[in-house]
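Residues per chain are reported as follows:
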Amino acid sequence: MKLRSLFVFGAGVAVGVTVMRKLTEDDDEIAQGPQHAATGAPALRLLSAQTQRISDRATVLSLDALRKARASIRDRLRESSYDDAAWS
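Residues numbered from 1 in each chain as written. Predicted model: local features only at pLDDT ≥ 70, side-chain atom pairs only at ≥ 80, totals over all residues. Heavy atoms only, no water.

**A word on the overall build of the protein**
Tallying secondary structure elements over the protein gives two helices and zero strands in all. Looking at the 88 residues of the protein, the share that counts as buried comes to 0%. Surface summary for the protein: the accessible area is close to 8,600 Å², and the carbon and sulfur share equals 62%. (Helix = DSSP H or I, 4+ residues; strand = E, 2+ residues; numbered from the N terminus. Buried < 20%, exposed > 50% of the residue type's maximum accessible area, 1.4 Å probe, protein only. Areas by Shrake-Rupley, 256 points an atom, 1.4 Å probe, with all protein chains shown as cover.)

**Things to note about a nonpolar patch on the surface**
Taken together, the side chains of Leu-3, Leu-6, Phe-9, Val-13, Val-17 and Met-20 make up a nonpolar region of the molecular surface, amounting to roughly 620 Å² of accessible area. Position of Val-17 relative to the elements: it lies in helix H1 (residues 2-24). Assessed through its relative accessible area of 31%, Val-17 is described here as partly exposed. (Patch = residues over 30% accessible without salt bridge, like charges linked within 9 Å, V, L, I, M, F, W, Y side chains within 5 Å. Salt bridge = Lys/Arg side-chain N within 4 Å of Asp/Glu carboxyl O.)

**Observations regarding the pattern of salt bridges**
Evaluation of the coordinates by the stated rule reveals three salt bridges. Its salt-bridge partner being Asp-75, residue Arg-78 comes within 3.7 Å of it at the nearest N-O pair. Residue Arg-78 and its partner Asp-75 are located together in helix H2 (residues 42-79), separated by three residues, close to a single helical turn. On the accessibility criterion, Arg-78 (56% relative accessible area) is exposed. A relative accessible area of 39% places Asp-75 in the partly exposed class.

Right, dumping it as structure tokens:
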């Protein structure tokens, strides 16, 4: 009885490992890595990098402006006579 249970357990592990390998293998239909080649023109790469830098800076400035606006609204509400407004 114990030997049969051990055999069934071993078969289950073998089937599990086989299924795991099959599910994790790479699919030839799916392309891996970059889908497009980088442009060869250095001017375009430079322009793209500068555009990305400007975009990142604009995002940071926009978030800073939103934080300042929220802080000023909170300060004004705290100073006003509204006692029932709860801000966390």
